[in-house]
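# Structural description and commentary
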Amino acid sequence: MAPSILAGQDRLPLNNGMELRLLSALEVLQARREAGELAQEDRERALCSNACLLARALEQAEDHTPVFADGRAVLSALTVEEIAALAGRWARFREENNPGLNLTDGELEELKKNSVTSPVSGFDGGC
């Protein structure tokens, strides 16, 4: 994922050579779809969702490679408590670093100003 336009920081270093990173909207949708395929019952959906999210968000700090291939690999390697704890850390990190809709008017105007690209015209100015 490219660095976020709004986020304060995109990665949260962990103390074990790994880090959690923010996910794009597409990656979150992919994690939800994968979780839907893994979950056999409704009560399994939260655990599967968290595992699939971690499969995308948890990376090696050194080279940013995924720690796990997919949600099934997370479920196989980690305990329920580890999955819950890491998913909770990721959720807090996301909330702290994605300002969302709670921007002040000044912050919103600054964001608009800095994210607008100049229009491209098919004309070179000549007649």
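These numbers come from a predicted model, not from an experiment.

Right, let's get into the layout of surface pockets. Its boundaries defined by the atoms lining it, the largest pocket holds a volume of some 170 Å³. Lining the largest pocket, in full, are V28, A31, R32, S49, N50, L53, A87, W90, A91 and R94. Contributions of two or more residues to the lining of the largest pocket are made by α1 (25-38), α2 (45-57) and α4 (80-97). Looking at which element gives the most residues to the lining of the largest pocket, the answer is α4, with four residues. In the lining of the largest pocket, the residues fall into six nonpolar, two polar and two charged.

A separate point is the sheet that holds strand β2 (residues 18-21). With antiparallel pairing, three strands are arranged side by side in an open sheet as β1-β2-β3. Edge positions in the sheet fall to β1 (11-13) and β3 (58-60), since each of these pairs with one other strand and no more. Sheet twist, expressed as the mean angle between neighbouring strand axes with direction ignored, is 35°. Note that β1 and β2 share three bridges and pair antiparallel. Bridged to P13 within β2 is E19. Here α4 sits on the sheet and contacts β1, β2 and β3; the angle it forms with β2, its principal contact strand, is near 50°.

Right, let's talk about the packing of α2 against α4 for a bit. Helices that pack against each other are described as a pair by the angle of their axes relative to one another and the distance between those axes. Packing of α2 against α4 brings their axes to within 9 Å, and their N-to-C directions diverge by 65°. Pair α2 / α4 crosses with left-handed handedness. Of the residues in α4, those touching α2 at L47, N50, A51, L53, L54 and A57 are V80, I83, L86, A87 and W90. Broken down by class, the residue content of the contact of α2 with α4 amounts to 10 nonpolar, one polar and no charged.

Our focus in this paragraph is the environment of G71. For G71, the position within the fold is in helix α3 (residues 71-77). In sequence terms G71 and C48 are 23 residues apart; their C-alpha atoms lie 6.9 Å from each other.

The next thing to look at is the side chain of E27. Relative to the helices and strands, E27 is located in helix α1. Its relative accessible area of 13% is what places E27 among the buried residues. A polar side-chain atom of E27 sits 2.8 Å from the main-chain amide nitrogen of S24.

About the cut-offs
- Residues numbered from 1 in each chain as written.
- Predicted model: local features only at pLDDT ≥ 70, side-chain atom pairs only at ≥ 80, totals over all residues.
- Heavy atoms only, no water.
- 1 Å grid on protein atoms, 1.4 Å probe; cavity = no way out; pocket = protein on both sides within 12 Å on 5 of 7 lines; lining within 4 Å.
- Points joined across faces, edges and corners; volume = space filled by probe spheres on them.
- Helix = DSSP H or I, 4+ residues; strand = E, 2+ residues; numbered from the N terminus.
- Nonpolar A, V, L, I, M, F, W, Y, C, P; charged D, E, K, R; others polar.
- Pairing = 2+ DSSP bridges.
- Axes fitted to C-alpha atoms, helices over the stretch in contact; angles between N-to-C directions.
- Contact = heavy atoms within 4.5 Å.
- Left-handed = near helix turned anticlockwise from the far one by under 90°.
- Buried < 20%, exposed > 50% of the residue type's maximum accessible area, 1.4 Å probe, protein only.
- Polar contact = N/O pair within 3.5 Å; in protein donor to acceptor, adjacent residues only side chain to side chain.

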